[in-house]
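What follows is each chain in one-letter form.
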Amino acid sequence: MRKIVIAGNWKMHKTQAESLEFLHGFLKQLDETPDDREIVLCVPFTALGALSKNLHGSRVRLGAQNVHWEASGAYTGEISGAMLTEFGVRYVVVGHSERRQFFGETDETVNLRLKAAQNHGLIPILCVGESKQQRDAGETESLIVGQLQADLEGVDQSQLVIAYEPIWAIGTGDTCETLEANRITALIRSQLKNPDVPIQYGGSVKPDNIDEIMAQPDIDGALVGGASLTPDSFARIVNYQ
Ligand code: 13P
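Scope of this entry: the structure provided in the associated data block.

Turning our eyes to something else, we now look at the pairing of strand 8 (residues 221-224). Of the two faces of strand 8, both are covered, the one formed by G221 and L223 as well as the one formed by A222 and V224. Of the strand pairs in this sheet, strand 7 (residues 199-202) and strand 8 are connected by two bridges, and their pairing is parallel. Among the inter-strand pairings, G202 is bridged to a residue of strand 8, identified as L223.

Quick look at the pattern of salt bridges now. In this structure the tally under the stated criterion is 19 salt bridges. In this structure, the salt-bridge partner of R113 is E78, at a minimum N-O distance of 2.8 Å. Highlighted residues: R113 in helix 5 (residues 107-119) and E78 in the loop between strand 3 (60-64) and helix 3 (81-85), separated in sequence by 35 residues. Here R113 falls in the buried class, since its relative accessible area comes to 5%. A salt bridge links R183 to E180; the nearest nitrogen and oxygen atoms lie 2.9 Å apart. Taken as a pair, R183 and E180 lie in helix 8 (residues 178-190) at a separation of three residues, close to a single helical turn.

On to unusual backbone geometry. We note that K14 has phi near 85 degrees; this positive angle belongs to a residue other than glycine. Even without being glycine, S204 reaches a positive phi, approximately 60 degrees. Note on placement: S204 falls in the loop between strand 7 and helix 9 (210-214). You can call S204 buried: its relative accessible area is 8%.

Attention now moves to the layout of surface pockets. In this model, the largest pocket occupies a volume close to 470 Å³. Every residue lining the largest pocket is counted, 17 residues in all, and those nearest its centre are K11, M12, Q65, R99 and F103. Elements supplying a minimum of two residues to the lining of the largest pocket: helix 2 (45-54) and helix 4 (97-102). Of the residues belonging to the lining of the largest pocket, the class tally is seven nonpolar, six polar and four charged.

In this section: the sheet that holds strand 8. An order of 1-2-3-4-5-6-7-8 is seen for the eight strands of this closed barrel, with the pairing classed as parallel. Put simply, the sheet's adjacent strands are angled 25 degrees from each other on average, direction ignored.

All right, on to the packing of helix 5 against helix 7 (residues 140-151) then. Where helix 5 contacts helix 7, the two axes come as close as 8 Å, and the packing angle between them is 50 degrees. Here helix 5 lies oblique to helix 7, going by the angle between them. Contacts between helix 5 and helix 7 involve D107, V110, N111 and L114 on the former and, on the latter, Q147, A150 and D151. For the contact of helix 5 with helix 7, the residue count by class is three nonpolar, two polar and two charged.

What counts and how
Residues numbered from 1 in each chain as written. Predicted model: local features only at pLDDT ≥ 70, side-chain atom pairs only at ≥ 80, totals over all residues. Heavy atoms only, no water. Buried < 20%, exposed > 50% of the residue type's maximum accessible area, 1.4 Å probe, protein only. Helix = DSSP H or I, 4+ residues; strand = E, 2+ residues; numbered from the N terminus. Pairing = 2+ DSSP bridges. Salt bridge = Lys/Arg side-chain N within 4 Å of Asp/Glu carboxyl O. 1 Å grid on protein atoms, 1.4 Å probe; cavity = no way out; pocket = protein on both sides within 12 Å on 5 of 7 lines; lining within 4 Å. Points joined across faces, edges and corners; volume = space filled by probe spheres on them. Nonpolar A, V, L, I, M, F, W, Y, C, P; charged D, E, K, R; others polar. Axes fitted to C-alpha atoms, helices over the stretch in contact; angles between N-to-C directions. Parallel < 35°, antiparallel > 145°, perpendicular 65-115°, else oblique. Contact = heavy atoms within 4.5 Å.

It is worth stressing that arrangement in space is one thing and function is another; only the former is reported here.
In structure tokens, the structure reads:
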């Protein structure tokens, strides 16, 4: 049985105070949320402390947005697995297109980060997806298959989530058509050794399209950016029908 995982990726949003204000509005909307889904908040490092204290006893899992492959060392600006697990972090986003595009992340560093996350007992959420240019050039399938092959080399597929995030759909309001998102998700599954890896869709997921997205047979969850920033909209998403 594939697990359903709905994760918010806050990116570089929210101070500690704003994070707690979000929780205040969000947690009370989870009373009726069905047990079949895991709810994750992937937040800035500076919000982990405050959230971990206030998530005790709730069903929301804490996530981070990056992890370095070394246990410690001279890596200014990076964070280690142990630093995350100390706060009760369970999930970590790895290889987001914004990190690949703006911070020089490569398939090689993504692969190292995935393995480091797993070595610390963290479940990585690996992001893959094509740009508009690659889609228009008919390279979507080959690009994604290539990313999976390189990123997953030597990675344990029993402790893994994958997010299909077409870059052109991120933050644009331009959601990938649901049948197409399902087709690519199925393609991703066909490349995996473990058919039970949950595969999310990400890219302009909103309260008004989540029901249709989750109705697709191959999509096991969502990775949500902008719409995870307000309690009501993220609550509506995790309470999809
Ligand atoms: P949006 O939901 O804002 O399009 O962002 C998607 C994303 O990048 C999640 O990781």
